[in-house]
Amino acid sequence: MILTCPSCGTRYSVDGEKFPPRGRMVRCAKCGHSWHQPGEERPEFVPEIPSEPPAQPAAEAGEAAAQQQGFTSPARAFAPQASVHANAPSAAEEKRPWGPRLAVAAGWAGLIAAVLLIVLAAVRYRQDIATVWPQSAGVYSSLGLKVNAGGIDFRGVEYRRGQEDGQTVLAVSGAIVNGGTRALPVPQTVRVTLSDAGNRELYHWTFRPPALMLKPGQSVPFTTRLSSPPAATRHLEVRFAKDGS
């Protein structure tokens with residue numbers, strides 16, 4: 001039995017024995033048009049008892065689907081339609097690409113946070129780092145951060161001129177401070193240098209500080225005097241000296 005689609009003219013071969021005489025609704029696999037197709041006249045109509053269809057190869061799945069609709073078409077006529085439904089992405093598959101992106105974003109965020117913590121720690125504990133690694137003092141200085149590689153520093157240095165026994169006396173005072181986080185020895189030679197307006201040295205002297213060791217945050221005051229300082233003195237420098245220099 002030959003069926004012809006009224007819409008697109010596609011022809012299908014159908015087993016007339018399995019087509020009921022009263023007809024049935026059929027659908028074109030090509031254009032999707034549906035119509036009522038009357039069956040062939042037969043001397044006697046005996047309804048068939050449906051039986052379980054035999055197992056068919058996967059390649060004939062399209063043809064079996066067509067027979068269930070009431071007509072037979074070439075097996076590959078339904079293949080494109082079946083393929084489209086099989087490959088249609090689900091909602092979970094559409095969301096799946098966000099997983100790797102979120103993982104990458106989280107990795108970059110963690111890396112940035114770790115770098116920021118390292119930078120903050122390097123700035124916060126720069127004095128301790130410079131004490132253990134003196135070479136880092138130059139790096140901090142280039143960044144505009146003041147550090148003392150020795151951990152021991154001078155604070156509040158002042159000087160004043162006065163008269164004692166008819167002579168001019170220059171008094172220099174201040175404090176020696178341990179700015180680190182551990183006890184440190186105090187260098188035992190402090191040098192005071194006087195210079196003129198052109199930063200040329202006029203005179204210098206040394207003295208011993210009043211402490212040998214300072215605890216973290218501890219400070220000790222000092223005062224040193226010089227009689228008859230050079231009249232051209234304009235600048236004063238106080239620093240720790242090595243080997244009496």
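In this convention, every chain numbers its residues from 1, walking through the sequence in written order. Whole-chain, interface and lining totals are the exception, using all residues; otherwise, since this is a predicted model, local features are given only for residues with pLDDT of at least 70 and side-chain atom pairs are given and counted only at 80 or more. Where side-chain values are given, they derive from all heavy atoms of the structure, hydrogens and water being excluded.

K.L.:
So, the overall build of the protein chain: which residues are in play, and what are the values?
P.N.:
Secondary structure elements are taken from DSSP: a helix is a run of H or I of four residues or more, a strand is a run of E of two residues or more, and numbering for both begins at the N terminus. Within the protein chain, the regular secondary structure consists of 6 helices and 12 strands. Residues are treated as being in contact if the distance between any of their heavy atoms lies within 4.5 Å. Residue pairs in contact within the protein chain that sit at least 24 positions apart in sequence constitute 52% of those at least 6 positions apart. Surface accessibility in these figures is a Shrake-Rupley result with a 1.4 Å probe; residues are shielded only by whichever protein chains are displayed. Carbon together with sulfur atoms contributes 56% to the accessible area of the protein chain, which is approximately 16,800 Å² in total.

K.L.:
Residues and numbers for the sheet that holds strand E6 (residues 167-178), please.
P.N.:
Two strands make a pair as long as DSSP finds a minimum of two bridges between them. Across the sheet, which stays open at both edges, the 3 strands sit in the order E5-E6-E11 with antiparallel pairing between neighbours. Edge strands, defined here as strands with exactly one partner in the open sheet, are strand E5 (152-164) and strand E11 (219-227). The mean angle between the axes of side-by-side strands here comes to 20°, regardless of whether they run parallel or antiparallel. The pairing of E5 with E6 spans 11 bridges and is antiparallel. Residue pairing across strands places Tyr159 opposite Val172, the latter belonging to E6. Structural elements are reduced to axes, namely lines fitted to C-alpha atoms, with helices fitted over the stretch in contact, and the angle between N-to-C directions of any two is expressed from 0 to 180 degrees.

K.L.:
With reference to specific residues and values, describe the environment of Ala231.
P.N.:
Within the element layout of this structure, Ala231 appears in the loop between E11 and strand E12 (235-240). For the pair Ala231 and Asp196, spaced 35 residues apart in the sequence, the C-alpha separation amounts to 9.1 Å.

K.L.:
Kindly report on the pairing of strand E4 (residues 34-37), identifying the contributing residues and their values.
P.N.:
Burial of E4 is one-sided: the residues Trp35 and Gln37 facing one way are buried, the residues Ser34 and His36 facing the other way are not. Between strand E3 (residues 24-27) and E4, which pair antiparallel and follow one another directly, the connecting turn spans 6 residues, one of which, Gly32, has a positive phi of 80°. For every residue, the accessible area (1.4 Å probe, protein chains only) is compared with the maximum for its type, and the residue is labelled buried under 20%, exposed over 50%, or partly exposed between those bounds.

K.L.:
Run through the confidence of the model for the protein chain, naming residues and quoting values.
P.N.:
Across the protein chain, the average pLDDT comes to 76, with 67% of residues at or above 70. The low-confidence segment residues 68-86, where pLDDT is below 50, has 32 contacts with residues more than four positions distant or belonging to other chains. Per residue, pLDDT captures the predictor's confidence, and it can take any value from 0 to 100.

K.L.:
Go over the nonpolar core, please, and point to the residues and values.
P.N.:
Grouped together as the largest cluster of nonpolar side chains are 18 residues, with contacts concentrated most on Ile176, Trp205, Leu214 and Val238. Contributing elements (two or more residues each) for this core: E5, E6, strand E8 (190-195), strand E9 (201-207) and E11. Sequence-distant contacts of Trp205, that is, excluding residues within four places in its chain, are made with Leu170, Val172, Val190, Arg191, Val192, Leu194, Thr224, Arg225 and Leu226. Here, the term nonpolar core denotes a set of buried Ala, Val, Leu, Ile, Met, Phe, Trp, Tyr and Cys residues that are joined through side-chain atoms within 4.5 Å.

K.L.:
Hey, could you go over a nonpolar patch on the surface for me, with residue numbers and the actual values?
P.N.:
Any residue with relative accessible area above 30% and no salt bridge may belong to a patch, with like charges joined within 9 Å and the nonpolar Val, Leu, Ile, Met, Phe, Trp and Tyr side chains within 5 Å. Each salt bridge in this description consists of a side-chain nitrogen of Lys or Arg and a carboxyl oxygen of Asp or Glu lying within 4 Å of one another. Residues Val104, Trp108, Leu111, Val115, Val119 and Val123 make up a contiguous nonpolar surface patch of about 540 Å² in total accessible area. Mapped onto the elements of the fold, Val104 is located in helix H4 (residues 98-124).

K.L.:
For the sheet that holds E9, give the residues involved together with the corresponding values.
P.N.:
Pairing between the strands of a sheet is mediated by backbone hydrogen bonds and can be parallel or antiparallel. Strand order in the open sheet made by the 3 strands is E9-E8-E12, with antiparallel pairing throughout. The outermost strands of the open sheet, each flanked by one partner alone, are E9 and E12. Taking each pair of neighbouring strands and ignoring which way they run, the sheet shows an average axis angle of 20°. The pairing of E8 with E9 spans 6 bridges and is antiparallel. Bridged to Val190 within E9 is Phe207.

K.L.:
Which residues make up the environment of Thr168, and what values do they have?
P.N.:
Its place among the elements puts Thr168 in strand E6. By relative accessible area, Thr168 is classed as partly exposed at 29%. For Thr168 and Pro229, which are 61 residues apart along the polypeptide, the C-alpha to C-alpha distance reads 7.2 Å.

K.L.:
Could you give an account of unusual backbone geometry, with specific residues and numbers?
P.N.:
Positioned with a positive phi, Asp165 is a non-glycine residue whose angle comes to about 55°. You can see Asp165 is positioned in the loop between E5 and E6. Positive phi, close to 55°, is recorded for Ser228, a residue that is not glycine. Looking at the element boundaries, Ser228 is found in the loop between E11 and E12.

K.L.:
Give me the lowdown on the side chain of Arg191, citing residues and values where you can.
P.N.:
Along the chain, the position of Arg191 falls in strand E8. Judged by its relative accessible area of 11%, Arg191 is buried.

K.L.:
Summarise the side chain of Thr233; cite the residues concerned and give the values.
P.N.:
Mapped onto the elements of the fold, Thr233 is located in the loop between E11 and E12. In this structure Thr233 comes out as buried when scored by relative accessible area, which is 12%. Of note is the side chain of Thr233, whose polar atom sits 2.8 Å from the backbone oxygen of Pro230. With sequence-adjacent residues up to four places away left out, Thr233 is seen in contact with Arg161, Leu194, Ser195 and Leu202. Whenever two N or O atoms come within 3.5 Å, that pair is a polar contact, provided that in protein one can donate a hydrogen and the other can accept it, and provided that, for residues adjacent in sequence, both atoms are side-chain atoms.

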